[in-house]
Amino acid sequence: MNSIYRVVALSVVTIYFLLTLMAALFQDRLVFSPSRVLSRTPSSIGLHYDTVSFPSLHGEHLSGWFITHPKPKFTLLFFQGKGGNMSNHLPLIQLFHELQVTVFIFDYQGYGKSEGLTCSEEKTRADALGAWYYLTRNRGIPEKKIIVFGRSLGAAIASQLCTEINPMGLILEAPFLSAKAMAKLLYPYFPSSLLLKYDFDNRKALPKLRLPKLILHSRDDQLVPFSHGKLLFDVALPPKQFTSLKGGHGNSFSVSNPTYTAAVSSFLNTLLQTPLKQ
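Predicted model, so just to flag it, every value in this text is computed and none were measured.

## Overview of the overall build of the protein
For step 1, the next point in the chain: A tally of regular secondary structure across the protein gives 11 helices and 10 strands.
For step 2, the next point in the chain: Considering only residue pairs separated by 6 or more positions, the protein has 72% of its internal contacts joining residues 24 or more positions apart.
For step 3, the next point in the chain: Of the roughly 13,300 Å² of accessible surface on the protein, 58% is carried by carbon and sulfur atoms.

What follows is the structure in structure tokens.
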């Protein structure tokens with residue numbers, strides 16, 4: 001009987017080890033879920049846009065859409081989450097457009113029509129800076145006329161970028177504390193803190209930022225807990241605003257309208273009234 005127990009125990013340990021090894025080896029696929037197929041374009045919802053190509057700091061050419069507004073209050077640099085590509089975000093782009101915002105959204109390396117293969121944290125930083133330089137250098141847009149927006153994984157990319165630049169404001173939707181905090185939540189039986197090579201640490205970045213911030217998070221978010229957004233708001237420096245939403249992780253902006261629109265509109269108007277520091 002003892003030998004049976006030993007065999008069962010050894011089998012369990014072996015399976016656990018193999019699963020842990022697979023999680024470590026294939027963690028890129030857990031963090032990034034790109035799609036190469038653009039399902040729609042802004043013209044499908046009646047928006048004029050330019051398809052642009054610009055270099056990442058690593059040299060890969062990235063593809064993006066520059067959706068102009070005839071009388072923009074600001075230009076919004078849009079950082080998407082881990083799944084799909086920029087064509088999945090047209091409803092949110094339309095919402096920003098209706099608030100008189102020009103939107104610049106792009107695909108990270110390995111997403112959509114952008115060059116490159118598997119993404120990484122360093123690559124997303126290089127892509128983010130490449131997008132920022134495209135707006136400020138190629139387009140000549142003043143940094144204080146740019147708002148940085150990120151949702152989910154994109155929130156971490158956006159907050160990290162803002163530690164290196166000086167935009168007018170930052171909007172985060174459904175941000176998580178850090179990649180390791182999410183891994184611990186989603187995979188509690190694995191030593192994720194030891195295996196995970198990613199940081200994507202909003203909790204570390206936000207206390208460094210003095211620019212105005214708006215954090216939006218749904219109480220019903222089934223992926224990133226509402227408590228993550230609240231904790232990030234607590235550690236963020238003022239000026240800051242927080243808006244509680246309803247709906248799931250991917251549709252809270254639509255389920256919560258007009259709350260979502262009102263919060264963003266109020267934030268934009270506050271920024272317009274904020275004196276610029278030289």
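## Description of helix H9 (residues 226–235)
For step 1, the next point in the chain: Every buried residue of H9 is listed here: Phe-226, His-228, Gly-229, Leu-232 and Phe-233. For H9, the arc enclosing every buried residue in end-on projection is 165 degrees, short of the 170-degree limit, so these residues lie on one face.

## Looking at the pattern of salt bridges
For step 1, the next point in the chain: Evaluated as defined, the whole model comprises four salt bridges.
For step 2, the next point in the chain: Arg-125 is the partner of Glu-164 in a salt bridge, and the nearest nitrogen-oxygen pair spans 2.7 Å. One end of the pair, Glu-164, is in the loop between helix H5 (153–162) and strand S8 (169–173); the other, Arg-125, is in helix H4 (residues 121–138), with 39 residues separating them in the sequence.
For step 3, the next point in the chain: Assessed through its relative accessible area of 32%, Arg-125 is described here as partly exposed.
For step 4, the next point in the chain: The partner of Arg-151 in a salt bridge is Glu-173, and the shortest N-O contact between them spans 3.3 Å. Within this pair, whereas Arg-151 is found in strand S7 (residues 146–151), its partner Glu-173 is found in strand S8, the two being separated by 22 residues in sequence.
For step 5, the next point in the chain: Through salt bridges with shared partners, a single network forms among Glu-122, Arg-125 and Glu-164.

## Some points on the packing of helix H3 (residues 90–98) against helix H11 (residues 259–272)
For step 1, the next point in the chain: Closest axis-to-axis distance for the H3/H11 pair is 10 Å, and the angle between their directions is 50 degrees. By the angle class used here, H3 and H11 are oblique. Seen from above, H3 lies across H11 with right-handed handedness. For the pair H3 and H11, contact is made by Leu-92, Leu-95 and Phe-96 and by Tyr-260, Thr-261 and Val-264, respectively.
For step 2, the next point in the chain: When its residues are assigned to classes, the contact of H3 with H11 shows five nonpolar, one polar and no charged.

## Things to note about the nonpolar core
For step 1, the next point in the chain: Counting 45 residues, the largest nonpolar core has Leu-77, Phe-79, Phe-104, Phe-106, Leu-170 and Phe-200 as the members making the most contacts within it.
For step 2, the next point in the chain: By residue number, the principal contributor to this core is H5, which donates seven residues.
For step 3, the next point in the chain: Filtering out sequence-adjacent residues up to four positions away, Phe-104 remains in contact with Val-52, Phe-54, Gly-64, Trp-65, Phe-66, Leu-76, Leu-77, Phe-78, Ala-131, Tyr-134 and Leu-135.
For step 4, the next point in the chain: Core analysis: the next-biggest nonpolar cluster, separate from the first, contains 30 residues, Leu-76, Leu-90, Phe-96 and Leu-271 among them.

## Focus on the pairing of strand S6 (residues 101–106)
For step 1, the next point in the chain: Of all six residues making up S6, six are buried, and the element is well covered by its neighbours.
For step 2, the next point in the chain: Where burial is concerned, the two faces of S6 agree: the one with Val-101, Val-103 and Ile-105 and the one with Thr-102, Phe-104 and Phe-106 are both buried.
For step 3, the next point in the chain: Looking at chain direction, strand S3 (residues 61–67) and S6 are connected through four bridges and run antiparallel. Paired with Gly-64 across the two strands is Phe-106, which belongs to S6.
For step 4, the next point in the chain: The pairing of strand S4 (residues 74–79) with S6 spans five bridges and is classified as parallel. Residue pairing for S6: Leu-77 is matched across the bridge by Phe-104.

## Considering the environment of His-48
For step 1, the next point in the chain: Tracing the sequence through the fold places His-48 in the loop between strand S1 (33–34) and strand S2 (49–55).
For step 2, the next point in the chain: Classification of His-48 as exposed rests on a relative accessible area of 55%.
For step 3, the next point in the chain: Expressed as a C-alpha distance, the spacing of His-48 and Phe-66, which sit 18 residues apart in the sequence, is 8.7 Å.
For step 4, the next point in the chain: Apart from residues no more than four positions distant in its own chain, His-48 is found in contact with Phe-66, Ile-67 and Thr-68.

## Considering the pairing of strand S9 (residues 213–218)
One face of the sheet, then the other: side chains in a regular strand alternate in exactly this way.
For step 1, the next point in the chain: The buried fraction of S9 amounts to six of the six residues, a majority that puts the element mostly inside the structure.
For step 2, the next point in the chain: Residue alternation in S9 divides its side chains into two sets, Lys-213, Ile-215 and His-217 and Leu-214, Leu-216 and Ser-218, and both sets are buried.
For step 3, the next point in the chain: Of the pairings in the sheet, the one linking S8 to S9 comprises four bridges and is parallel in character. For Leu-172, the partnering residue across the bridge sits in S9 and is Ile-215.
For step 4, the next point in the chain: Pairing between S9 and strand S10 (residues 240–245): six bridges, direction parallel. Within S10, the position partnered with Lys-213 by the bridge is Lys-240.
For step 5, the next point in the chain: On the question of chirality, the crossover connecting S9 to the parallel S10 by way of H9 is right-handed.

Scoring rules and cut-offs
Residues numbered from 1 in each chain as written. Predicted model: local features only at pLDDT ≥ 70, side-chain atom pairs only at ≥ 80, totals over all residues. Heavy atoms only, no water. Helix = DSSP H or I, 4+ residues; strand = E, 2+ residues; numbered from the N terminus. Contact = heavy atoms within 4.5 Å. Areas by Shrake-Rupley, 256 points an atom, 1.4 Å probe, with all protein chains shown as cover. Buried < 20%, exposed > 50% of the residue type's maximum accessible area, 1.4 Å probe, protein only. Arc of directions from axis to C-beta. Salt bridge = Lys/Arg side-chain N within 4 Å of Asp/Glu carboxyl O. Axes fitted to C-alpha atoms, helices over the stretch in contact; angles between N-to-C directions. Parallel < 35°, antiparallel > 145°, perpendicular 65-115°, else oblique. Left-handed = near helix turned anticlockwise from the far one by under 90°. Nonpolar A, V, L, I, M, F, W, Y, C, P; charged D, E, K, R; others polar. Core = buried A, V, L, I, M, F, W, Y, C linked by side-chain atoms within 4.5 Å. Pairing = 2+ DSSP bridges. Right-handed = clockwise from strand over helix to strand, strands pointing away.

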